[in-house]
Amino acid sequence: MKFLFICSHQIQNLIPLFVELEKKKDLDFKVLYWEKLDAFHFDHEFNSKINFNVNRFEGYRSHCLSKRKENSNSIFSFFNKFYVTLKLLIYLFKERQNYETVLIYGYYFPHIISSIFLKFLKKKIIIRSISYNLGNKNFAKKILRNIYYRFSNIFIDEFWSVCKLNTDFFKTFGVNQKKIYLVESSQLNKNFVFINENDFMNQREKIISQNKILPKQKIILFAGKLIKKKRPLLLLEAFIESKISNEWLLLISGDGYYRDKVLDIIDRNKKKNILFVGFQNIREILTLYSLSDIIVLPSDYGETHGNVLLEATQFNCALVASDRVGLYPELINNNLGLVFDAEKKSELIKKLEHLTNDKNLLEKLKKNSLEYSKKIQPEYIANKIFKLLNKNEI
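Nothing here was measured: the structure is a model prediction, and the numbers come from that model. (Residues numbered from 1 in each chain as written. Predicted model: local features only at pLDDT ≥ 70, side-chain atom pairs only at ≥ 80, totals over all residues. Heavy atoms only, no water.)

Caption draft 1: Summary view of the sheet that holds strand β12 (residues 274–278). Ordered by their spatial adjacency, six strands build an open sheet running β12-β11-β10-β13-β14-β15, and the pairing between neighbours is parallel. Sheet topology places β12 and β15 (337–340) at the edges, where each strand pairs with a single neighbour. Taking each pair of neighbouring strands and ignoring which way they run, the sheet shows an average axis angle of 20°. One ladder, built from two bridges, connects strand β10 (residues 218–223) with strand β13 (residues 294–297); its direction is parallel. In the sheet register, Leu221 faces β13, and the bridge partner there is Ile295. On top of the sheet, helix α8 (residues 232–241) reaches β10, β11 (248–253), β12, β13 and β15; it is set at about 165° to β11, its chief contact. (Pairing = 2+ DSSP bridges. Helix = DSSP H or I, 4+ residues; strand = E, 2+ residues; numbered from the N terminus. Axes fitted to C-alpha atoms, helices over the stretch in contact; angles between N-to-C directions. Contact = heavy atoms within 4.5 Å.)

Caption draft 2: Inspection of a nonpolar patch on the surface at higher detail. On the surface, Phe139, Ile143 and Ile147 cluster together into a nonpolar patch covering about 330 Å² of accessible area. Counting through the fold element by element, Phe139 comes out in helix α4 (residues 139–155). (Patch = residues over 30% accessible without salt bridge, like charges linked within 9 Å, V, L, I, M, F, W, Y side chains within 5 Å. Areas by Shrake-Rupley, 256 points an atom, 1.4 Å probe, with all protein chains shown as cover. Salt bridge = Lys/Arg side-chain N within 4 Å of Asp/Glu carboxyl O.)

Caption draft 3: Up close: the environment of His305. Within the secondary structure layout, His305 lies in the loop between β13 and α11 (307–313). Residues His305 and Tyr99, 206 residues apart in the sequence, show an inter-C-alpha distance of 29 Å. Within the structure, the side chain of His305 is placed 2.9 Å from the side chain of Tyr132, a separation counted as a polar contact. A polar contact of 3.3 Å, which involves the side chain of His305, links it to the side chain of Ser185. (Polar contact = N/O pair within 3.5 Å; in protein donor to acceptor, adjacent residues only side chain to side chain.)

Caption draft 4: Focus on the side chain of Asn189. Following the sequence through the fold, Asn189 ends up in the loop between β9 (180–182) and α6 (190–193). Of note is the side chain of Asn189, whose polar atom sits 3.0 Å from the side chain of Gln377.

Caption draft 5: Spotlight on the nonpolar core. Core analysis: the largest hydrophobic core is formed by 68 residues, its most contacted members being Phe3, Phe5, Tyr289, Ile295, Leu309 and Ile385. Here this core gets six residues from one element, more than from any other, and that element is helix α10 (residues 282–291). Once residues within four sequence positions are removed from consideration, Ile385 is found in contact with Phe3, Leu17, Leu21, Trp160 and Val183. In terms of nonpolar packing, the next biggest core, distinct from the first, is built from 32 residues, Leu235, Ile349, Leu352 and Leu355 among them. (Core = buried A, V, L, I, M, F, W, Y, C linked by side-chain atoms within 4.5 Å. Buried < 20%, exposed > 50% of the residue type's maximum accessible area, 1.4 Å probe, protein only.)

Caption draft 6: Up close: the sheet that holds strand β8 (residues 158–161). One open sheet holds the seven strands; their spatial order is β5-β2-β1-β6-β7-β8-β9, and the pairing between them is parallel. The open sheet has two free edges, formed respectively by β5 (62–67) and β9, since each of these has just one partner strand. Neighbour-to-neighbour, the strand axes of the sheet open up by a mean angle of 20°, direction not taken into account. Strand contacts of helix α1 (residues 15–22): β1 (2–7) and β2 (28–36), with the helix running at about 150° to β2, the strand carrying the most contacts. Strands in contact with helix α15 (residues 378–389) are β1, β6 (101–105), β7 (124–128), β8 and β9; relative to β8, the strand with the most contacts, it is inclined by about 165°.

Caption draft 7: Main features of the packing of helix α3 (residues 109–120) against α4. The N-to-C vectors of α3 and α4 enclose an angle of 25°; their axes lie 10 Å apart at closest approach. Comparing the axis directions of α3 and α4 gives the class roughly parallel. Considering only the axes of α3 and α4, their crossing is left-handed. Mapping the contact onto sequence places Ile112, Ser115, Ile116 and Lys119 in α3 and Tyr148, Phe151, Ile154 and Phe155 in α4. Taken together, the residues of the contact of α3 with α4 break down into six nonpolar, one polar and one charged. (Parallel < 35°, antiparallel > 145°, perpendicular 65-115°, else oblique. Left-handed = near helix turned anticlockwise from the far one by under 90°. Nonpolar A, V, L, I, M, F, W, Y, C, P; charged D, E, K, R; others polar.)

Caption draft 8: Region of interest: the environment of Lys25. As for its position among the elements, Lys25 is in the loop between α1 and β2. For Lys25, a relative accessible area of 81% puts it in the exposed group. Taking the C-alpha atoms as reference, Lys25 lies 33 Å from Leu86; in sequence the two are 61 residues apart.

Caption draft 9: Spotlight on helix α14 (residues 359–373). Across its 15 residues, α14 extends 21 Å between first and last C-alpha, which sits within 8% of the 21 Å expected from 1.5 Å per residue. Buried within α14 we find Leu361, Leu362, Leu365, Lys366, Ser369, Tyr372 and Ser373. Angular distribution of buried residues about the axis of α14 spans 130°; they occupy a single face of the element. In α14, those exposed residues whose orientation departs by more than 90 degrees from the buried face are Lys359, Asn360 and Lys367. Where α14 starts, the residue carrying a side-chain oxygen 3.2 Å from the main-chain nitrogen of Asn360 turns out to be Asp358. (Expected span 1.5 Å × (residues − 1). Arc of directions from axis to C-beta.)

Caption draft 10: Quick peek at the pairing of β15. Both strand β14 (residues 318–322) and β15 contribute to a ladder of four bridges, which runs parallel. Bridge pairing in β15 links Ser322 to Phe340. As for the winding sense of the linkage, the β-α-β connection from β14 through helix α12 (residues 328–333) to β15 is right-handed. (Right-handed = clockwise from strand over helix to strand, strands pointing away.)

Caption draft 11: Structural detail: the pairing of β12. The buried count for β12 comes to five of five residues, which makes it a mostly enclosed element. Both β11 and β12 contribute to a ladder of four bridges, which runs parallel. Paired with Ile252 across the bridge in β12 is Phe276.

Honestly, that's just the spatial picture; any functional story needs more than this.
Below you can see the structure in the form of structure tokens.
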């Protein structure tokens, strides 16, 4: 089986999956990227340079059509999309003998055109678009998506969904249910990022020492971009207004254009335990998960999935999320955490108070979270993909 995976750029949680797919003996696997990111690249929403902390290209075969310029968002610029489309079509035509099945990751103009082109090349086409109906009020976009997905039933062979809301999205826009397969997002796991357990424990001790975290400190963690969509201010206000015991610490990790607002709220608050640690790379983030009891993702519309939640499950964390986070049905169905009405701060307060006061519930959710983590390990998802490609039962 010759399998080509088309992706816009390097994405941290996909790399361990690619390495696992490369290990499959009967799978000729390759990844095609639009652009090559530097190991240290600037993220405009984080307003910080990100260190991948993992080797982006080791352990699997890949090809990059171009290299992204420093401080550039060229990958998504209007004119660049046409340029990328042309380069994609040329590559796909030249290499047409070297692949049989193509997975296209993401709903972008170059991918839409490429999928149509691949049909003429008589290739098997799989679409993996992490999209939801949540907050989708753009009428023109709905019409275009409706046309595309109904038309795509003709030339797309399979649609791979990551969760229930993603499946509902495909169904809403007319995708044939028989073509939809559930293949969950794989997790960026600790063993891939750290050399060994000693490496992890050294990083853990460093974080504890730098931030003066007390032994057995009970921690509620927010890890993400400090931007409107992520709603860190809502969590801060809810924590301050709650009756949560002082033994609990709210730890805020991240950066973005809300940074000054976050710091202002923290400075004005004199009663609650709140620690701001700023932007952290993935090694530090995974370590913070391991120190935390509860992970909160209070995002508004636009939180397409919630990788923070997936990453945290491996560290025995209970989860709290709004009902506008793509993964919220999975939290409910798998009993991984609590979900609150995104429009009601009072409900977030009640959920936090309930979880911090009920030790039995907290431990139950943490246990379920760790168990769920086994189902999203890169090796597990790679096996699922391999079986699906070979038409075996999943």
